[in-house]
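# Tertiary structure, described
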Amino acid sequence: GKMIYGGDLRKSGFTELFADLSFQYGIYEKTDSTVKYFKNFIAWPYHEKLDENTILEYDHNRVELIRVDQGIDDSDSLSKMRYEMENEAHARILIGGKMNDFAGSMPGVIEEFKIALDYGHPIYVIGGFGGAARYIADVMSNKCEVKDRDNWMFGLSYECLGNGLSDEENNKLFTTQNIIEIVSLVLKGLKNVL
């Protein structure tokens, strides 16, 4: 399998972590060094800040950088990136995510959730680490009220996740911080739906 992700070029951010994992995976697989295990989508104008050394380092770590062009207007570029990501996805894993001070029209993880629902892709909501994913988990399990901005989420059932897990298993995924349990549940669900 290959992983796709959108953005986060901060030092010690997720992109850097995933690039390191991709490099290590490539070493153990002993495949052709041009095989990429990780695609990182970068919205305009963020990709314009990439310098040549950073690009070469990602390439060395088996990361394919996907630069997404500007959308209709500046605020649309993040949404455009998320739709392009979903076009290449087979399943969506949601974890963390800002609820305040976000760029774009809505919090990124919530928009990714909405887009994955539109595409009918299996969705795994890992809420135990807080953020927007926790909010989605709490809304779906009726532990909090839906914000006005998110009225489209009202009344969503676990069935809409289409992730091959039971309601009880989704509830575990909504709350656990146990990495082994999370990986086990996601793999079980993927095995059931893909």
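Along each chain, residues carry numbers from 1 onward, in the same order as the chain's sequence is written. For this predicted model, a pLDDT threshold of at least 70 governs which residues receive local features, and a threshold of 80 or more governs which side-chain atom pairs are given and counted, while totals over whole chains, interfaces and linings are taken from all residues. Excluded from the side-chain calculations are hydrogens and water; all other atoms, namely the structure's heavy atoms, are used.

## Points about the overall build of the protein chain
To keep things clear, this is the line we draw: Secondary structure counts use DSSP, requiring at least four H or I residues in a row for a helix and at least two E residues in a row for a strand, with both numbered from the N terminus. Note on method: radius of gyration uses C-alpha positions; expected globular size equals 2.2 Å times residues raised to 0.38. Between buried and exposed lies partly exposed: a residue is buried under 20% and exposed over 50% of the maximum accessible area for its type, with that area taken using a 1.4 Å probe on protein chains only. What makes two residues a contact is simply this: any of their non-hydrogen atoms within 4.5 Å. Surface accessibility follows the Shrake-Rupley procedure with a 1.4 Å probe radius. Residue values consider only the protein chains on display as shielding. The charge count includes Lys and Arg as positive and Asp and Glu as negative, but it does not include His or the ends of the chains. Taken as the charge location is NZ of Lys, CZ of Arg, CG of Asp or CD of Glu.
Counting its regular elements, the protein chain contains seven helices and five strands. Computed over C-alpha atoms, the radius of gyration of the protein chain comes to 17 Å, within 12% of the 16 Å expected from 2.2 N^0.38 for 194 residues, which places it in the range of a compact globule. A principal-axis box enclosing the C-alpha atoms of the protein chain has dimensions of 50 × 40 × 25 Å. Counting the 194 residues in the protein chain, one finds 42% classified as buried. Contacts in the protein chain between residues at least 24 apart in sequence constitute 66% of all its contacts with a sequence separation of at least 6. Only carbon and sulfur atoms are counted for the fraction: they give 51% of the accessible area of the protein chain, which is about 11000 Å². Between the averaged position of the 21 positive side-chain charges in the protein chain and that of its 31 negative side-chain charges there is a distance of 4 Å.

## Description of the pattern of salt bridges
Test applied: Salt bridges are defined by distance alone: a side-chain nitrogen of Lys or Arg within 4 Å of a carboxyl oxygen of Asp or Glu.
The final tally for this structure, using the stated rule, is 10 salt bridges. The salt bridge partner of Arg92 is Glu86, with a shortest N-O separation of 2.6 Å. Residue class for Arg92 comes out buried when judged on its relative accessible area of 7%. Using a relative accessible area of 0% as the deciding quantity, one classes Glu86 as buried. Three or more residues are tied together by salt bridges with common partners; here these are Arg82, Glu86, Arg92, Glu111 and Glu112.

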